[in-house]
Amino acid sequence: MQISRFPAVADWPALCRRPAADLQLLRPVVQAIFTEVSQRGDAALIEYTARFDAFTAPEVIVWDEAAIAIAAEAAADLRPALEVAVRNIRTFHAAAAEDITADSADIITQPGVRCWARRVPLGRVGLYIPGGSAPLFSTLLMLAIPAQLAGCAELVVCTPPGPTGALAPVIAAAAQVLGLKRIVGVGGAQAIAALAVGTATVPRVDKICGPGNAWVTAAKQLAAEVGTAIDLPAGPSEVLILADSTANPAWLAADLLAQAEHGADSQVILISDDEAVLIQTIAALQTQLTALPRRAVAAAAVANSRAVLVSSLAEGLAFAEEYAPEHLILAVQNPAPLAVQVRRAGSVFVGHFAPESCGDYASGPNHTLPTAGAARAYSGVSVETFTRRITFQELTPAGLRDLGPTVIALAEAEGLQAHAEAVRIRLSAAAEAADEETEELTLSIGKDRGNG
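Keep in mind it's a predicted model, so treat the numbers as computed, not measured.

Enquirer: Tell me about the sheet that holds strand E11 (residues 267–272), and please be specific about residues and values.
Expert: Taking strand neighbours across the sheet as the criterion, the six strands line up as E1-E12-E11-E10-E13-E14 in an open arrangement whose pairing is parallel. Looking at which strands have only one partner, the edges of the open sheet turn out to be strand E1 (2–5) and strand E14 (347–350). Taking each pair of neighbouring strands and ignoring which way they run, the sheet shows an average axis angle of 20 degrees. Sheet analysis places strand E13 (residues 327–331) next to E14, joined by four bridges and oriented parallel.

What follows is the structure in structure tokens.
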């Protein structure tokens, strides 16, 4: 990691640039995969699984509840930890679920015009769980739990099979704790295509959620174009650490490497107002790197990463806001004043004892977060991700009588005559009904007074 000392604000955008793949270069291949899956369904999935995952079978592999249970036996010792993680993640997301899924209170925008909103769960959602060298069972926890709390009717889980066609035991163990009974053994862009268009084995879903490599990200963009919603831009992982003189360089190095080992295209950024911290952290990082099993991957990520010396923590936070990181660690003595100022980050880890790894697995908040600067506008996955908000409005005859002229004037100003007529055609009936309501109310009041 090279240190950039006191860079000018004008140079920040260049320092914030990610080493992301150019998705446009991948698009023709991904488009071909979509076309093949759309036209040939399962047959295309079988061929792509053989080509990309080195597993050949006469049909798409699907693990049912019994197969999941058998695979989970190999990871039985993981179950206690999984149960703690599930409890914490469920507790965090359940706290918001009741408010998110509840109907809003009535809003009377003017007399006779009542409006409200209701959240409804998505019917069928696709959960993509990356596999390969690091089967991300934690992602299954992070996606399935809020989807279950939202009340989604069906979860379609896809993950690549191993070269022998086996389901990763850790994914099976997580699925078992979550009560999931079916997993489809398809990965990569072909899995996203299948979820988007549907095949005989993989049903079409309303929304696709889950991170992945550049191929998966490009495929999710195409899925959105064919009418299937996606959760958020979730590409290569990243972390930005803002540290002061009280930070422990060995801890900082460990946090940086925790993200670097995700993939060669990951990026880690260290910001500090203390040059000694930067130098000592880089030295500790090199030492720790040699002991990592995934050191080649982590080293490639570190080569694309940066350390930046700033004049103050305030300037460091401003740089972090420009970067808009997926993960932001505030490794400072007094993090609270900085934490309340954060506006652009996927998830924030506050203080010296909040390593990002806890958020990846078991502290509670979701780890499926916006990357590549998307935290400027996107939030991480939550119960809300798996719902839709429907608005309602109801007008009484008096409400339409009073509001109608306003709507007619606005519609005619836009040149949309049919809009105006849809109101105008009702106005006489609305006025008559409103007068009858008023007359009935007057008679009722008079009668009540007479009896008094």
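Enquirer: Give me the environment of threonine 246: which residues, what numbers.
Expert: As for its position among the elements, threonine 246 is in the loop between strand E10 (238–243) and helix H10 (249–260). Within the structure, the side chain of threonine 246 is placed 2.6 Å from the side chain of aspartate 244, a separation counted as a polar contact. At 2.9 Å, the side chain of threonine 246 and the side chain of histidine 352 are in polar contact.

Enquirer: Talk me through the side chain of lysine 220; I want residue IDs and the actual numbers.
Expert: Along the polypeptide, lysine 220 turns up in helix H9 (residues 214–225). Contact partners of lysine 220, with chain neighbours within four places excluded, come to Ile192, Ile208, Gly210, Ile230, Asp231 and Leu232.

Enquirer: Residue-level account of unusual backbone geometry, with values.
Expert: For phenylalanine 6, which is not glycine, the phi torsion reads 45 degrees and is therefore positive. The residue phenylalanine 6 is located in the loop between E1 and helix H1 (12–15) in this model. At alanine 372, a residue that is not glycine, the phi angle is positive and equals roughly 55 degrees. On the secondary structure map, alanine 372 appears in the loop between helix H15 (356–361) and strand E15 (387–395).

Enquirer: Let's hear about helix H5 (residues 79–101): which residues, and what values?
Expert: Alanine 94 marks the point of greatest bend in H5, at about 30 degrees. Regarding H5, the residues found buried are Leu82, Ala85, Val86, Ile89, His93, Ala97 and Ile100. Among the structural elements, strand E4 (113–121), helix H6 (137–150), helix H7 (169–178), H15 and E15 are those in contact with the buried residues of H5.

Enquirer: Summarise the nonpolar core; cite the residues concerned and give the values.
Expert: In terms of nonpolar packing, the biggest core is built from 47 residues, with Leu127, Leu140, Leu141 and Phe386 touching the most fellow members. At the level of secondary structure, the elements contributing two or more residues to this core comprise helix H4 (65–72), H5, strand E5 (124–128), H6, strand E6 (154–158) and H7. Looking at this core, the element that brings in the most residues is H6, giving nine residues. Setting aside residues up to four positions removed in sequence, leucine 127 forms contacts with Leu143, Ala144, Leu155, Val156, Val157, Cys158, Cys209 and Phe386. Leu45, Val60, Cys158 and Leu222 belong to the second largest nonpolar core, which has 31 residues in total.

Enquirer: Account for H9, with residues named and values stated.
Expert: Helix length check: H9 (12 residues) gives 17 Å between terminal C-alpha atoms against 16 Å at 1.5 Å per residue, within 8%. Along H9, the residues classified as buried are Ala214, Val216, Thr217, Ala218, Ala219, Lys220, Leu222 and Ala223. Next to the buried residues of H9 lie helix H2 (23–40), E5, helix H8 (188–197), strand E8 (207–209) and strand E9 (229–230). A distance of 3.1 Å separates the backbone nitrogen of tryptophan 215 from a side-chain oxygen at the start of H9, and that oxygen is part of asparagine 213. Looking at the residues trailing H9, positive phi occurs at glycine 227, about 100 degrees.

What counts, and at which threshold
Residues take numbers from 1 onward in each chain, read along the sequence in its written order. Thresholds applied to this predicted model are a pLDDT of at least 70 for local features of residues and 80 or more for the giving and counting of side-chain atom pairs; totals over whole chains, interfaces and linings are not thresholded and use all residues. Side-chain measures here rest on the full set of heavy atoms in the structure, leaving out hydrogens and waters. Should DSSP find at least two bridges between two strands, the strands are regarded as paired. By the criteria applied, helices consist of DSSP H or I runs no shorter than four residues and strands consist of E runs no shorter than two, each listed in order from the N terminus. To obtain an axis, a line is fitted to C-alpha atoms, over the contacting stretch when the element is a helix, and the angle between two such axes runs from 0 to 180 degrees between their N-to-C directions. Here a polar contact is taken to be a pair of N or O atoms separated by no more than 3.5 Å, where protein atoms must pair a possible hydrogen donor with a possible acceptor and residues adjacent in sequence count only if both atoms sit in side chains. Should any heavy atoms of two residues lie within 4.5 Å, those residues are considered in contact. We define the bend at any residue as the angle between the axes fitted to the seven residues before and including it, ending there, and the seven starting there. For each residue, the accessible area found with a 1.4 Å probe, counting protein chains only, is set against the maximum for its type, and the residue is called buried under 20%, exposed over 50%, and partly exposed in between. As used here, the term nonpolar core means buried Ala, Val, Leu, Ile, Met, Phe, Trp, Tyr and Cys residues forming a set that is joined through side-chain atoms within 4.5 Å. What a helix is expected to span follows from its residue count: subtract one and scale by 1.5 Å.

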